Amino acid sequence: MRTTHAGTSAATAPTGPDGGDHAVHPPPAVPVSSGARTRSQHQRRKRIVQAAAALASRGGVEAMQMRTVAERAGVALGTLYRYFPSKMDLVVAVVGEEIDLLESSIERRPPSAASPAGRAVDVLMRATRGLMREPELADALIRSLIMAEVDTPFGDRMAGLLLRVAGDGLTAQSASEVQFALAGSLASVWVHELLEMLRGRRTYEQIQRRIEIAAERLLADFEV
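Residues numbered from 1 in each chain as written. Predicted model: local features only at pLDDT ≥ 70, side-chain atom pairs only at ≥ 80, totals over all residues. Heavy atoms only, no water.

## What about the overall build of the chain?
When you go through the chain residue by residue, the secondary structure sums to nine helices and zero strands. Order of helices (α) and strands (β) in the chain, N terminus to C terminus: α-α-α-α-α-α-α-α-α. The burial tally for the chain puts 38% of its 224 residues in the buried class. Partitioning the contacts of the chain with sequence separation of at least 6, the portion at a separation of at least 24 is 66%. (Helix = DSSP H or I, 4+ residues; strand = E, 2+ residues; numbered from the N terminus. Buried < 20%, exposed > 50% of the residue type's maximum accessible area, 1.4 Å probe, protein only. Contact = heavy atoms within 4.5 Å.)

## Let's talk about the UniProt feature "DNA-binding region" (unreviewed entry) in the chain
Mapped onto this structure's residue numbering, the UniProt feature "DNA-binding region" (unreviewed entry) falls at residues 65-84. As annotated, residues 65-84 has a helix share of 75% and a strand share of 0%, and its two end C-alpha atoms lie 12 Å apart. (UniProt positions renumbered as here; feature names shortened; annotations may be inferred.)

## Observations concerning helix α8 (residues 177-198)
End to end, α8 covers 32 Å across 22 residues, agreeing with the expected 32 Å (1.5 Å per residue, within 8%). Buried residues of α8: Leu182, Ala183, Leu186, Ala187, Trp190, Val191, Glu193, Leu194, Leu195, Glu196 and Met197, and no others. Taken from the residues just after α8, glycine 200 is the one with a positive phi, measuring 85 degrees. (Expected span 1.5 Å × (residues − 1).)

## Section: the nonpolar core
Ranked by internal contacts, the top residues of the largest apolar core, which has 65 residues, are Val69, Phe154 and Trp190. Sorting the residues of this core by element identifies α1 (34-59), α2 (66-73), α4 (87-108), α5 (116-132), α6 (135-147), α7 (154-166), α8 and α9 (204-218) as the ones contributing at least two each. Broken down by element, the residue count for this core peaks at ten residues, all from α4. (Core = buried A, V, L, I, M, F, W, Y, C linked by side-chain atoms within 4.5 Å.)

## A word on the pattern of salt bridges
Applying the stated criterion across every chain yields a total of twelve salt bridges. Glutamate 97 is the partner of lysine 46 in a salt bridge, and the nearest nitrogen-oxygen pair spans 2.8 Å. Residue lysine 46 is found in helix α1, and its partner glutamate 97 is found in helix α4; the two are separated by 51 residues along the sequence. The partner of arginine 157 in a salt bridge is glutamate 103, with the nearest N and O atoms 3.1 Å apart. (Salt bridge = Lys/Arg side-chain N within 4 Å of Asp/Glu carboxyl O.)

## With respect to the environment of isoleucine 207
By the element assignment, isoleucine 207 lies in helix α9. Between the alpha carbons of isoleucine 207 and tryptophan 190 there is a distance of 8.1 Å; along the sequence they are 17 residues apart.

## Here we look at the side chain of glutamate 103
Summarising the element assignment, glutamate 103 is placed in helix α4. Among the polar contacts made by the side chain of glutamate 103, one reaches the side chain of arginine 157 at a distance of 3.1 Å. In this structure, glutamate 103 is in contact with Arg157, Leu161 and Arg164, ignoring residues within four places of it in sequence. (Polar contact = N/O pair within 3.5 Å; in protein donor to acceptor, adjacent residues only side chain to side chain.)

This is the structure:
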């Protein structure tokens, strides 16, 4: 076995091309790039959010116990809390993931309706269909957001999405205060109608008709 003590004999010491002794240096450590670290963190965060969504889809938000989420995601409880300090932060992240999926769907297949109201209805009914594939998850998320005591980006993100499709590229920054408020109001109508359907008080067709009426009234000034 090679040692690094000063008493190592010349016979066992490594020699260079000139026959002289050379110290043995370990190979330099390969640094972990910030890009690789960021990807790893992103993947870990995604696993946590997916684990939380899977639990909520079977037992509502009550099933999203932080320890259970950590075990299902394969991370330490402390790691989970570094990403999400509270259950509400986790709920917001799950909702954000759903909106990300909706935005991806819109990018792949933009609404084709000629009117701003028609494009907005297309987006909201697409979101409805997506959420209703997991009704327990949808119910848990919507109720939690309504009752949340913390500021959540859900309403603003949906309003921004409606602005973009109804206003032909409008953003929260370029839209007027009135336009942003109207888009937000339409998003609120959708949330209310979705809850009514989850409670069994509305059919899909009734929700679509009510949203069409609201969109035609609220987005009338978006016509160019």
